[in-house]
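Chains, contacts and geometry: an overview
Here is how the chains run, residue by residue.
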Amino acid sequence: SIGKTKELLEKYNGYLICDDYAGYKSIANDNPNIKLQYCFSHARRRFVDILKSMKQENRKGTISYQMVSYIDQIFEMERKYRKEGLTPNEILEHRKTEHPPILNKIEKLMKETVTQPGTSLDRAMSYIRDNFVNMKTYLESGYVEVSNNAAERCVKPFVVLRKVFQTCGSYDGASFTGDLFTLIRSAMINGLDPQAYLEYCLCHYADTPIENLLPYHRELKEKFPLK
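Remember, predicted model here, so these are calculated numbers, not experimental data.

Cut-offs used in this document
Residues numbered from 1 in each chain as written. Predicted model: local features only at pLDDT ≥ 70, side-chain atom pairs only at ≥ 80, totals over all residues. Heavy atoms only, no water. Helix = DSSP H or I, 4+ residues; strand = E, 2+ residues; numbered from the N terminus. Expected span 1.5 Å × (residues − 1). Buried < 20%, exposed > 50% of the residue type's maximum accessible area, 1.4 Å probe, protein only. 1 Å grid on protein atoms, 1.4 Å probe; cavity = no way out; pocket = protein on both sides within 12 Å on 5 of 7 lines; lining within 4 Å. Points joined across faces, edges and corners; volume = space filled by probe spheres on them. Nonpolar A, V, L, I, M, F, W, Y, C, P; charged D, E, K, R; others polar. Salt bridge = Lys/Arg side-chain N within 4 Å of Asp/Glu carboxyl O. Axes fitted to C-alpha atoms, helices over the stretch in contact; angles between N-to-C directions. Left-handed = near helix turned anticlockwise from the far one by under 90°. Contact = heavy atoms within 4.5 Å. Arc of directions from axis to C-beta. Core = buried A, V, L, I, M, F, W, Y, C linked by side-chain atoms within 4.5 Å. Parallel < 35°, antiparallel > 145°, perpendicular 65-115°, else oblique. Polar contact = N/O pair within 3.5 Å; in protein donor to acceptor, adjacent residues only side chain to side chain. Phe/Tyr/Trp six-rings, centres within 6.5 Å; stacked < 30°, edge-to-face > 60°.

**A closer look at helix 3 (residues 40–52)**
The end-to-end C-alpha distance of helix 3, which contains 13 residues, comes to 18 Å, matching closely the 18 Å that a straight helix rising 1.5 Å per residue would cover. Among the residues of helix 3, Phe40, Ser41, His42, Ala43, Phe47, Val48, Ile50 and Leu51 are the ones counted as buried.

Laid out in structure tokens, this is it:
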């Protein structure tokens, strides 16, 4: 629930990469130390859906085509930075010089486009109009992503197993399942084979200090490297 999320982020100081769900705005309003970065993928998706409804030969030159091409340029630059192994500080310097011209084109197209209320194009353009200021937060830090794709990939297993969670039988059961998934995901992030790691924890939790069983303990990665 959004209430639980607010509780978890009560003392958080940093950036929240998200879509335009009103709950995230509420979190930022309650905690002035949180800055929002709205997702370019969510914005792009709306225009891509419009293009999919058109015949291939009719797409080029449309407002949606132009907007997707601009956003794609931003993603392409981000991929280039990571391919070159740039540090967050180096990424930030590149962003400050290379991204503003593209962002200006997006803003110009956004302001000059007149849309009919209720249309798909109107809804797609409204997303950017309403959120554009917070879509540029990433220009403040090289650590901030331009989309929340990484987070969505992390929670995909929860989406796939949603029906399994519904059979947990109780809130405690659902909470336990969530804890287990958190432990598995934490093991993978820290380069551990999750199955081998969990088997080790189950066999040694009674005779091993808990800090030595945490997934980021340096000795565990040597024992159970992710294959």
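**Thoughts on the layout of surface pockets**
Over the atoms a probe the size of a water molecule is rolled, and this reveals where empty space is left. Approximately 290 Å³ is the volume found for the second largest pocket. Surrounding the second largest pocket, 13 residues form its lining, Leu180, Leu183, Leu198, Cys201 and Leu202 being those nearest its centre. Within the lining of the second largest pocket, the residues separate by chemical class into twelve nonpolar, no polar and one charged.

**A look at the pattern of salt bridges**
With the rule as written, the count across this model stands at ten salt bridges. Where glutamate 76 meets arginine 79, a salt bridge forms, and the shortest distance between an N and an O atom there is 3.0 Å. Here arginine 79 and glutamate 76 lie together in helix 5 (residues 63–83), a separation of three residues that amounts to about one turn. Between glutamate 78 and arginine 95 there is a salt bridge whose closest N-O contact spans 2.7 Å. Of this pair, glutamate 78 sits in helix 5 while arginine 95 sits in helix 6 (residues 88–98); the two residues are 17 residues apart in sequence, bridging distant segments of the chain. This pair shows no difference in class: glutamate 78 is buried, exactly as arginine 95 is. One connected set of salt bridges, linked through shared partners, spans Glu78, Arg82, Arg95 and Glu145.

**What about the packing of helix 3 against helix 5?**
The description of two packed helices rests on the angle between their axes and on the distance between the axes. Orientation of helix 3 relative to helix 5, taken along the N-to-C sense of each, is 145°, at an axis distance of 9 Å. Relative to helix 5, the crossing made by helix 3 is left-handed. On the side of helix 3, the interface is formed by Phe40, Ser41, Arg44, Phe47, Val48, Ile50 and Leu51, while helix 5 contributes Ser64, Tyr65, Met67, Val68, Ile71, Asp72, Ile74 and Phe75.

**Things to note about helix 11 (residues 171–189)**
In this model, helix 11 (19 residues) spans 27 Å end to end at C-alpha, consistent with the 27 Å of a helix rising 1.5 Å per residue. Looking only at helix 11, the buried set comprises Gly173, Thr177, Phe181 and Ala187. Projected down its long axis, helix 11 carries its buried residues within an arc of 120°, all on one side. Across helix 11 from its buried face, at more than 90 degrees, point the exposed residues Tyr171, Asp172, Asp179 and Ile189. Once helix 11 finishes, glycine 191 follows within two positions and takes phi at roughly 80°, a positive value.

**Some thoughts on the nonpolar core**
Phe40, Met67, Ile74, Ile106 and Ile128 are the most contacted members of the largest nonpolar core, which has 38 residues in total. Of all the secondary-structure elements, those providing two or more residues to this core are strand 1 (14–18), helix 2 (22–30), strand 2 (34–38), helix 3, helix 5, helix 7 (100–112) and helix 8 (120–135). It is helix 5 that provides the largest number of residues to this core, a total of eight residues. Once residues within four sequence positions are removed from consideration, phenylalanine 40 is found in contact with Ile71, Ile74, Phe75, Leu103, Ile106, Met135, Tyr138, Val146 and Ser147.

**Re the packing of helix 6 against helix 7**
Interaxial distance between helix 6 and helix 7 falls to 5 Å at its minimum, and their mutual angle equals 45°. Classified by the angle their axes make, helix 6 and helix 7 are oblique. When helix 6 is examined against helix 7, the residues Arg95, Lys96, Thr97 and Glu98 are found in contact with a partner set consisting of Pro100, Pro101 and Ile102. Per-class residue counts for the contact of helix 6 with helix 7 are three nonpolar, one polar and three charged.

**Description of the side chain of serine 147**
Looking at the element boundaries, serine 147 is found in the loop between helix 8 and helix 9 (149–160). Taking the relative accessible area as the measure of exposure, serine 147 reaches 10% and is therefore buried. Within the structure, the side chain of serine 147 is placed 3.2 Å from the side chain of asparagine 149, a separation counted as a polar contact. Residues within four places of serine 147 in sequence aside, it is in contact with Ile17, Cys39, Phe40, Ser41 and Phe75.

**Focus on the packing of aromatic side chains**
Applying the stated rule across the entire model yields three aromatic pairs. Ring geometry for phenylalanine 40 and tyrosine 138: centres 6.1 Å apart, planes at 90°, overall edge-to-face. Pair noted here: phenylalanine 40 is in helix 3 and tyrosine 138 is in the loop between helix 8 and helix 9, with a separation of 98 residues, a long-range link. Per residue, the accessibility class of phenylalanine 40 equals that of tyrosine 138, and both read buried. Arranged with centres 5.1 Å apart and planes meeting at 50°, the rings of tyrosine 200 and phenylalanine 224 form a pair that is tilted. In this pair, tyrosine 200 sits in helix 12 (residues 194–204) while phenylalanine 224 sits in the segment after helix 13 (218–223), placing the two residues 24 residues apart along the sequence. Take tyrosine 200 and phenylalanine 224: they sit in the same class, and that class is buried.

Keep in mind that these numbers describe shape and distance, not what the molecule does.
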